[in-house]
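Summary of structural features
What follows is the residue order along each chain.
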Amino acid sequence: MMIEPFSPFRTSEFQVKFATSAWERSQAHALRREVFCREQQIFQNDDRDAIDDSATPIVALSMLGVAADQVVGTVRIHEEQPGLWWGSRLAVHEDFRKIGALGATLIRLAVSSANAMGCHTFLANVQVQNGLLFRRLHWDVVEEFEIYGKPHLRMQADLSWYPPCATPEAGFVALAKRAA
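So, a few notes on the structure that sits alongside this text. (Residues numbered from 1 in each chain as written. Predicted model: local features only at pLDDT ≥ 70, side-chain atom pairs only at ≥ 80, totals over all residues. Heavy atoms only, no water.)

Looking now at the side chain of Glu-24. Mapping Glu-24 onto the fold places it in helix α1 (residues 22-39). Judged by its relative accessible area of 5%, Glu-24 falls in the buried class. (Helix = DSSP H or I, 4+ residues; strand = E, 2+ residues; numbered from the N terminus. Buried < 20%, exposed > 50% of the residue type's maximum accessible area, 1.4 Å probe, protein only.)

Looking now at the sheet that holds strand β8 (residues 172-175). Strand order in the open sheet formed by eight strands is β6-β7-β5-β4-β3-β2-β1-β8, and the pairing between neighbours is mixed. In this open sheet, the two edge strands, each paired with only one partner strand, are β6 (139-147) and β8. Along the sheet, successive strands turn relative to each other by an average axial angle of 25 degrees, direction set aside. Both strand β1 (residues 13-18) and β8 contribute to a ladder of four bridges, which runs antiparallel. Residue pairing in the sheet places Glu-13 in a bridge with Leu-175 of β8. Here α1 sits on the sheet and contacts β1, β2 (56-64), β3 (67-81), β4 (84-92) and β5 (121-127); the angle it forms with β3, its principal contact strand, is near 80 degrees. Most of the contacts of helix α2 (residues 100-116) go to β8, to which it runs at about 165 degrees, and overall it touches β1, β2, β3, β4, β5, β6, β7 (150-157) and β8. (Pairing = 2+ DSSP bridges. Axes fitted to C-alpha atoms, helices over the stretch in contact; angles between N-to-C directions. Contact = heavy atoms within 4.5 Å.)

Moving on: the packing of aromatic side chains. Considering all chains together, one arrives at four aromatic pairs under this definition. Relative to Tyr-148, the ring of Phe-43 lies with its centre 4.8 Å away and its plane at 65 degrees, an arrangement referred to as edge-to-face. In this pair, Phe-43 is assigned in the loop between α1 and β2 and Tyr-148 in the loop between β6 and β7, connecting sequence segments 105 residues apart. When its relative accessible area of 44% is taken as the criterion, Tyr-148 is described as partly exposed. Ring centres of Phe-134 and Trp-139 lie 5.0 Å apart, and the angle between their planes is 85 degrees; on these two criteria the pair is classed as edge-to-face. We note that Phe-134, like Trp-139, is buried. (Phe/Tyr/Trp six-rings, centres within 6.5 Å; stacked < 30°, edge-to-face > 60°.)

Right under this line is the structure:
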């Protein structure tokens, strides 16, 4: 009798929501350090800055049934001045980047929750290689520039595509597509 090995379990459901617990915030910062310090080498030891003092972190949690397992994606939002909101530090864990719904759902909750809090303009500085994703999600390029030694696009969300989300602590569910 031959026993075939089976693939490791991969969840197909993710909860995208405001980080509401210490472990979610801690894992979100660890993921940002992994992506922006180790992988991309944009920052040396830590990517935290003054914006973190007032920003709201959003996380994508892999779910095991009804229990959250780990943070696999994150982004932060903050209001720079009344009605002007920014999204920044979008990061998805390397093992989960092929799940396109994660980045898109993080972006959707970021803009929709800001929209519910009085946003009239939502901006982000996006690395050029991610520009197509944002364009597909109804963002427009405002300008091109270089920051941290890398080409970026300043982009603005079309708020008409992002209905206000009044329950960001619960957020949205993102589903991974199953292979046929």
